[in-house]
Amino acid sequence: AQTVTQSQPEMSVQEAETVTLSCTYDTSESDYYLFWYKQPPSRQMILVIRQEAYKQQNATENRFSVNFQKAAKSFSLKISDSQLGDAAMYFCAYRRGATNKLIFGTGTLLAVQP
Amino acid sequence: DVKVTQSSRYLVKRTGEKVFLECVQDMDHENMFWYRQDPGLGLRLIYFSYDVKMKEKGDIPEGYSVSREKKERFSLILESASTNQTSMYLCASSFAGAKSYEQYFGPGTRLTVT
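Residues numbered from 1 in each chain as written. Chains lettered and ligands numbered in written order. Predicted model: local features only at pLDDT ≥ 70, side-chain atom pairs only at ≥ 80, totals over all residues. Heavy atoms only, no water.

1. Quick notes on the pairing of strand β9 (residues 74–79) of chain A
All names here are of chain A.
Part 1 of the argument: Buried residues dominate β9, accounting for five of its six residues.
Part 2 of the argument: Relative to β9, strand β3 (residues 19–21) runs antiparallel, the two being bridged by three bridges. Within β9, the residue paired with Thr20 across the bridge is Lys78.
Part 3 of the argument: Two elements, strand β8 (residues 64–69) and β9, share six bridges in a ladder whose sense is antiparallel. Residue pairing for β9: Asn67 is matched across the bridge by Ser76.
Part 4 of the argument: Hairpin connection from β8 to β9: four residues lie between these consecutive antiparallel strands, with Lys73 at a positive phi of about 55°. (Buried < 20%, exposed > 50% of the residue type's maximum accessible area, 1.4 Å probe, protein only. Helix = DSSP H or I, 4+ residues; strand = E, 2+ residues; numbered from the N terminus. Pairing = 2+ DSSP bridges.)

2. Section: the interface of chain A and chain B
Part 1 of the argument: Counting residues at the interface gives 18 residues for chain A, matched by 25 residues for chain B.
Part 2 of the argument: Between chain A and chain B, the buried area comes to about 1,700 Å², and carbon and sulfur atoms account for 51% of it.
Part 3 of the argument: Counting the surface chain A buries against chain B, the share from its top three residues, A:Gln44, A:Asn100 and A:Lys101, is 32%.
Part 4 of the argument: Across the contact surface, chain A and chain B share one salt bridge. (Contact = heavy atoms within 4.5 Å. Buried area = accessible area lost by both parts, 1.4 Å probe. Salt bridge = Lys/Arg side-chain N within 4 Å of Asp/Glu carboxyl O.)

3. Here's the deal with the packing of aromatic side chains
Here the distance between the centres and the angle between the planes together describe a pair of aromatic rings.
Residue and element names in this part refer to chain A.
Part 1 of the argument: According to the stated counting rule, one finds 16 aromatic pairs over all chains in the structure shown.
Part 2 of the argument: Their ring planes at 55° and their centres at 6.0 Å tell us that Tyr37 and Phe104 sit as a pair that is tilted. Placement of the pair is Tyr37 in strand β5 (residues 32–39) and Phe104 in strand β11 (residues 103–104), with a sequence separation of 67 residues.
Part 3 of the argument: According to the relative accessible area criterion, Tyr37 is buried, its value standing at 0%.
Part 4 of the argument: With a relative accessible area of 7%, Phe104 lands in the buried category. (Phe/Tyr/Trp six-rings, centres within 6.5 Å; stacked < 30°, edge-to-face > 60°.)

4. Considering the pairing of strand β4 (residues 31–38) of chain B
Residue and element names in this part refer to chain B.
Part 1 of the argument: Burial analysis of β4 places eight of its eight residues in the buried class, which makes it a mostly covered element.
Part 2 of the argument: Of the two faces of β4, the one carrying Asn31, Phe33, Tyr35 and Gln37 and the one carrying Met32, Trp34, Arg36 and Asp38 are both buried.
Part 3 of the argument: Pairing of β4 with strand β5 (residues 42–51), which is carried by seven bridges, proceeds in the antiparallel orientation. Residue Phe33 lies in a different strand from β5, and its bridge partner there is Phe48.
Part 4 of the argument: Linking β4 to β5, which pair antiparallel, is a turn of three residues; within it Gly40 sits at a positive phi near 80°.

See below:
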């Protein structure tokens, strides 16, 4: 069975600094997708970034980028120039290509210090 | 903008009561999902539906049932609420197939069973 592991329950970063959130996953599939979702306090969860396993290039969305290491089954999220609005719970998620179901990690709570 | 709404933000019920959680989406999505979110456990899939009247069990279906009579509406039913069902419940929706990259989430219902 596929699993997703986030080993950092909490992280903290200074405003304007860079922070990296870790995620590892376990799968024997070759066709899959990886996602980072953000859940701000008392607000709806939103998609931050996604990575298709067949793409070698790391995905980037403005200040958010990933480091996708397929052989190591690692998918970390880097947030550059951190802002107060980045404070949230971040979930890493995996989806096998042919299915609609997401498997989530346990989340990392990110605090941004002014 | 995609909108996923849930009938209540907060709900308090007594043990043994029948509880209905409603979710409505306005994007004509084929897929709808119910998750349960608990600290340290992340999000776990309870049920999902890929079409009207069609449903599939997720990872933790015990004690829950679902109903999807219309495409835009997906209901989660706790037949006889128990204290261990106290949790945050999140609804999500997505397109099916190749367009299903992103799941869109509702704001959540925090259910307390006393």
